[in-house]
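Observations on chain architecture
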Amino acid sequence: MRKFLFALLALGCVATQAHAAESANVAAGKLVYLHQCSDCHSNQPHMDRFGPTLAGVYGRMAGTAPLHRYSKAMKSAHIRWDANTLNGFLKDPRAYIHGTIMPYRGLESATARADVIAYLQSISPKS
Ligand code: HEC
């Protein structure tokens, strides 16, 4: 019985830790979003700012948010936003999509990129 209880306890700890790491990512990513992206991008569906809404962006084809007027480059990029493409774009937007008009020089920190991508996924329910 003692052994069984101990095993249960250990399992509980592992599960809690994994959960904490996950939400820390999203929470840190939300801060990155608030500081570096929200001036131009809403996190609400159907809210266009200077940039397209980022609600639902994860899993969406580039250049397809209704309401937004994109550059030709973004409309003809023909890529789907996932962890890989978002990472490439956010690292160096203009090198990743030549001719994009997103006036942002990129997020150098790989951790900040991973966090903000986790946040974008969390506001994209269909992905
Ligand atoms: C100064 C304004 C500005 C900032 C800051 C900015 N963006 Fe953008 N972003 C834009 C504009 C404008 C576009 C549309 C670009 C185009 O049409 O070429 C865009 C496009 C995008 C796209 C493509 C969306 C789609 O629907 O295809 C993503 C993803 C994106 N931005 C993410 C981010 C993230 C994440 C940040 C913060 C780390 C950020 N942007 C910071 C203005 C900005």
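Summarised in this report is the structure supplied together with it. It should be emphasised that the depicted structure is a prediction, and the values quoted were computed from it without experimental measurement.

All right, on to the overall build of the protein chain then. Within the protein chain, the secondary structure is distributed over 5 helices and 0 strands. Its helices and strands in sequence order give the protein chain the pattern α-α-α-α-α, from N to C terminus. Per-residue burial for the protein chain yields a buried fraction of 36% across its 127 residues. Taking all contacts inside the protein chain whose residues are at least 6 apart in sequence as the whole, residues at least 24 apart take part in 36%. Carbon and sulfur atoms form 61% of the exposed surface of the protein chain, whose accessible area is close to 8,400 Å².

This part is about the site of the ligand. Neighbouring the ligand are 23 residues, the closest being C37, C40, H41, S71 and M102. A distance of 2.8 Å separates an oxygen atom of the ligand from a polar atom in the side chain of T100. Per-element accounting of the shell around the ligand gives the leading share, 3 residues, to helix 3 (residues 83-91).

Working note: α-helix, 3.6 residues per turn, so residues spaced by three or four point in the same direction. Those residues of helix 3 not exposed but buried are T85, L86, F89 and L90. Summarising the axial view, the buried residues of helix 3 lie within an arc of 120°, below the 170-degree limit, and thus occupy one face. Buried residues in helix 3 make contact with helix 2 (72-75), helix 4 (93-96) and helix 5 (110-122). Measuring from the backbone nitrogen of N84 back to the side-chain oxygen at the start of helix 3 gives 3.0 Å, which picks out D82 as the cap.

So, on to the coordination of the iron atom of the ligand. Looking at the iron atom of the ligand, the protein donor atoms are H41 (NE2) and M102 (SD), and they sit 2.0 to 2.1 Å from it. Geometry at the iron atom of the ligand is octahedral, judged from its 6 donor atoms and the angles of 83 to 179° they form at the metal. Of this pair, H41 sits in the loop between helix 1 (2-36) and helix 2 while M102 sits in the loop between helix 4 and helix 5, and the two are 61 residues apart along the sequence.

Of note, Y119 is situated in helix 5. Sequence separation of Y119 and V32 is 87 residues, and the distance between their C-alpha atoms is 9.1 Å. Not counting residues within four places of it along the chain, the set of residues in contact with Y119 comprises V26, G29, K30, Y33 and N43.

A separate point is unusual backbone geometry. Of note in this structure, L67 is not a glycine but carries a positive phi near 85°. Mapped onto the elements, L67 comes out in the loop between helix 1 and helix 2. Overall, L67 belongs to the exposed group, its relative accessible area being 58%. Within the chain, H78 stands out as a residue other than glycine whose phi angle is a positive 50°. The residue H78 is located in the loop between helix 2 and helix 3 in this model. Of the residues examined, H78 reaches a relative accessible area of 63% and is grouped as exposed.

Cut-offs and rules
Residues numbered from 1 in each chain as written. Predicted model: local features only at pLDDT ≥ 70, side-chain atom pairs only at ≥ 80, totals over all residues. Heavy atoms only, no water. Helix = DSSP H or I, 4+ residues; strand = E, 2+ residues; numbered from the N terminus. Buried < 20%, exposed > 50% of the residue type's maximum accessible area, 1.4 Å probe, protein only. Contact = heavy atoms within 4.5 Å. Areas by Shrake-Rupley, 256 points an atom, 1.4 Å probe, with all protein chains shown as cover. Near = heavy atom within 4 Å. Polar contact = N/O pair within 3.5 Å; in protein donor to acceptor, adjacent residues only side chain to side chain. Arc of directions from axis to C-beta. Donors = N, O, S within 2.8 Å, 3.2 Å for Na, K, Ca; no water. Tetrahedral: all angles 85-135°; square planar, octahedral: opposite > 155°, others 65-115°.

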